[in-house]
Amino acid sequence: MLRDLRYALRSLARSPGFVLVAALCLGLALALSTTTFAILDAMLHPTMPVKRGDELHWVILRGRGVGRDAPRWEVYSILRQATFYQEIAFWDPGWMVTVRAGSDVNEELVPRVSRNLYPMMGVRPELGRVIDQSSPDNVAVVSHDVWERSLGGAPLAGLRVWVGDEEYHVIGVLPPDMTYPGWGAGIWIPVPRARERSGAGLRGVWPVVRVRRGTTGVTQQLAVLSARLRSEYGTSWNPYAFSLGGILPAPGRLDQIHFALAGAAAIVLLIACVNLASLMLVRGVAKRRELALRMALGAGRAALVRQLLAESGLITAVGAGLGSLLTNWAVPLLRSRIPDYVVNVGRIPLHP
């Protein structure tokens, strides 16, 4: 095998143009196909960088009277008395406010999070630190996109954003895949300590729980909470919890755009393989005299097949390496350009 590889290297070294064209043909096709399927996977099976995501659940309470007959803080307070979870946190979507980050000024929602949310989820920031129990009220964490696009990727020291008329010091940058809570948001601030204890002035509270290991049927266990809410507020409730980590709920079907992307990628790869086969065939014809001479000197058919396979294997390795490099460059670039509402399709199921 080593002798065949050495001979294949010497043979290919005499045809650098052929090697370059063949490697580019295969590498570009592999990179395009792999990148396309990576983007499809991100759309159909979104993930989040959290610790033991199968234990994390976002509790949604659907039914008549949500936000009207039963204030969500009272719902959160009742939920805290449940026993099926290890820890509970919450976030508040807030109101539309004017946000200034660098030179960008926009009207958007800025979620407020309890100080134990990110530590409970096990989120590791890309830079700096996350909001925790030691954080004052005037700090913020930002998404990778906001930090890179609006804040110019500047060092965190002295970096500030304005939410309404209030100034916040940026203490951390979340990982690119971390878009929760408030998918589409780019800035998160802590709930003021006084409100975190009393719930005063919070627009709506969305609980997040880490259930105990081995706990099953979280939604069924929430039926007890549903009965209590019904008795206290006289409304019809449908509690539901879904996992925030691991493989999140995907769309129930593949849309036409998904089939089109997958089909285009497969066709491009097929065309590249056909072109590469044609190149190898032309090279084989050009080497006919060489192969005939080797057979005249005593080389058997098996030896010639091994040598040709060695050449093909080396070209495949070079093309695959080139495709891998291009894919590692293209996937982060494209995913950073895709809006959150596209990548996060299917995160929130319409029906439990």
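Residues numbered from 1 in each chain as written. Predicted model: local features only at pLDDT ≥ 70, side-chain atom pairs only at ≥ 80, totals over all residues. Heavy atoms only, no water.

Participant: Is there a simple way to explain the overall build of the chain in this structure?
Facilitator: Along the backbone of the chain there are eleven helices and twelve strands. For the chain, the residues scored as buried account for 42% of the 352 residues in total. For the chain, the proportion of contacts with a sequence separation of at least 24, taken over those separated by at least 6, is 79%. Surface exposure of the chain reaches about 18400 Å², of which carbon and sulfur atoms provide 61%. (Helix = DSSP H or I, 4+ residues; strand = E, 2+ residues; numbered from the N terminus. Buried < 20%, exposed > 50% of the residue type's maximum accessible area, 1.4 Å probe, protein only. Contact = heavy atoms within 4.5 Å. Areas by Shrake-Rupley, 256 points an atom, 1.4 Å probe, with all protein chains shown as cover.)

Participant: Would you explain the pairing of strand β11 (residues 206–211) in this entry?
Facilitator: Most of β11 sits out of view: six of its six residues are buried. What you see with β11 is no split at all: Trp 206, Val 208 and Arg 210 on one side and Pro 207, Val 209 and Val 211 on the other are buried throughout.

Participant: Got a minute to help me understand the pairing of strand β10 (residues 187–190) in this structure?
Facilitator: Within a regular strand, side chains alternate between the sheet's two faces. Side-chain alternation along β10 places Ile 187 and Ile 189 on one buried face and Trp 188 and Pro 190 on a second face that is also buried. Inspection of the sheet shows strand β5 (residues 112–113) paired to β10 by two bridges, in the parallel sense. Each bridged residue has a counterpart across the sheet, and for Arg 112 the counterpart in β10 is Ile 189. With two bridges connecting them, strand β7 (residues 139–142) and β10 associate as antiparallel partners. Following the sheet pairing, Val 141 is matched in β10 by Trp 188. (Pairing = 2+ DSSP bridges.)

Participant: What is the right way to look at the confidence of the model for the chain in this model?
Facilitator: Parts of the model with low pLDDT should not have their predicted coordinates read in detail. Mean pLDDT for the chain: 78, with 82% of residues reaching 70 or above. Here helix α11 (residues 340–343) is the element of the chain with the lowest mean pLDDT, 48, and β7 is the one with the highest, 94. Taken as a whole, residues 65–70 scores under 50 in pLDDT and shows eleven contacts with residues more than four places along the chain or in a different chain. The low-confidence segment residues 246–252, where pLDDT is below 50, has 21 contacts with residues more than four positions distant or belonging to other chains. (pLDDT = per-residue confidence, 0-100.)

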